[in-house]
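Remarks on the overall topology
Each chain, written out:
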Amino acid sequence: MKALIYKEFKLAAHPTCFIFLAFGAMLLIPNYPYYVAFFYTTLSLFFYFLNGRENRDILFTALLPVSKADMVKARCTVCAIFELLAVIIAVPFSFLNRALYGPCPLADCNVAFFGLTFVMFAIFNGLFIPRFYKTAYKLNFLVPCIVVFLFIGAAIALVFFPGIGAYLDATSPEGMIAQLPVLIVGLVIFILGMVLTCRRSVRNFEKVDL
């Protein structure tokens, strides 16, 4: 697995996977829908799979002494690493955002924001990755893209609801400590979602005749 993951980073990952990690700096744009910064992470994963398809990476990897299950697990692991890195890199910019600007009218960069970002990643992974491994060739980014933007719209809309909005949009130290359950639940959903996504993808890929 270690060698497969290394191969994914060196040979299969598209340059945008690394470039778009810097888009965490978009959290410094005032009054912006900050979830969009992480949409670019999902877009880079689409390019990652597209790059592998066009370069026949699936066929190349299948010729190596590895199982189909390990091929899928390695790619899912790399996707999770890129998503986690996107969040980690964005965190310092969220602190700068709060230091430079007042409250954002859409959704503030706080603890709950990152928890919901993990949920967004879980949704994208579950819709995109298993569908690809049904054929190991066809890519369907439109449906995951639409659902992700619907989620972004819903997450932003929540801050305008009485009660829940004040909780999700709090930026005081006490308010963000109270948001820790959202972060923890979001991270658990992300991890469990990736595990289930990987299992479904393995089942789909096992049926594919390369």
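Computed from a predicted model, the values in this text were never measured in an experiment.

Along its length, the protein chain carries 10 helices and 0 strands. Element order for the protein chain, N to C, with α for helix and β for strand: α-α-α-α-α-α-α-α-α-α. Radius of gyration (C-alpha) of the protein chain: 18 Å, near the 17 Å computed for a compact globule of 210 residues. Dimensions of the protein chain along its principal axes, counting C-alpha atoms only, are 55 × 30 × 25 Å. Across the 210 residues that make up the protein chain, the buried fraction comes to 49%. Put simply, of all contacts in the protein chain between residues at least 6 apart along the chain, 82% involve residues at least 24 apart. When the accessible surface of the protein chain is summed, it comes to about 10,100 Å², and 73% of that surface belongs to carbon and sulfur atoms.

Another aspect to go through is unusual backbone geometry. Despite not being glycine, Asn31 shows a phi value in the positive range, around 55°. Of note in the backbone geometry, Arg56 takes a positive phi value of approximately 55° without being a glycine. Within the element layout of this structure, Arg56 appears in the loop between helix H3 (35-54) and helix H4 (57-62). Taking the relative accessible area as the measure of exposure, Arg56 reaches 60% and is therefore exposed.

Now for the pattern of salt bridges. Close approach of charged atoms allows side chains with opposite charge to pair. One pass over the structure, following the stated rule, counts 5 salt bridges. Where Arg75 meets Asp57, a salt bridge forms, and the shortest distance between an N and an O atom there is 2.9 Å. Taken together, the residues span a long stretch of sequence, with Arg75 in helix H5 (residues 68-100) and Asp57 in helix H4 at a distance of 18 residues. Residues joined in a network through salt bridges with shared partners are Lys7, Glu8, Asp57 and Arg75.

On to the packing of aromatic side chains, then. What the rule picks out here adds up to 28 aromatic pairs. It is Arg53 that lies over the ring of Tyr137; its NZ or CZ is 4.8 Å from the centre. Its end group placed over the ring of Phe49, Arg75 keeps NZ or CZ at 5.0 Å from the ring centre.

All right, on to the packing of H3 against helix H7 (residues 142-158) then. Helix-helix packing is characterised by the crossing angle of the two axes and by the distance between the axes. The N-to-C vectors of H3 and H7 enclose an angle of 160°; their axes lie 11 Å apart at closest approach. With respect to each other, H3 and H7 are oriented roughly antiparallel. When you trace H3 past H7, the crossing you get is right-handed. Only Cys145, Val148, Phe149, Ile152, Ala155 and Ile156 of H7 make contact with H3, whose side of the interface consists of Tyr35, Val36 and Phe39. Partitioning the contact of H3 with H7 into residue classes produces 9 nonpolar, no polar and no charged.

Reading guide: rules and limits
- Residues numbered from 1 in each chain as written.
- Predicted model: local features only at pLDDT ≥ 70, side-chain atom pairs only at ≥ 80, totals over all residues.
- Heavy atoms only, no water.
- Helix = DSSP H or I, 4+ residues; strand = E, 2+ residues; numbered from the N terminus.
- Rg over C-alpha atoms; globule rule 2.2 N^0.38 Å.
- Buried < 20%, exposed > 50% of the residue type's maximum accessible area, 1.4 Å probe, protein only.
- Contact = heavy atoms within 4.5 Å.
- Areas by Shrake-Rupley, 256 points an atom, 1.4 Å probe, with all protein chains shown as cover.
- Salt bridge = Lys/Arg side-chain N within 4 Å of Asp/Glu carboxyl O.
- Phe/Tyr/Trp six-rings, centres within 6.5 Å; stacked < 30°, edge-to-face > 60°.
- Lys NZ or Arg CZ within 6 Å of the ring centre and 35° of its normal.
- Axes fitted to C-alpha atoms, helices over the stretch in contact; angles between N-to-C directions.
- Parallel < 35°, antiparallel > 145°, perpendicular 65-115°, else oblique.
- Left-handed = near helix turned anticlockwise from the far one by under 90°.
- Nonpolar A, V, L, I, M, F, W, Y, C, P; charged D, E, K, R; others polar.

Scope: geometric values only; no functional claims are made or implied.
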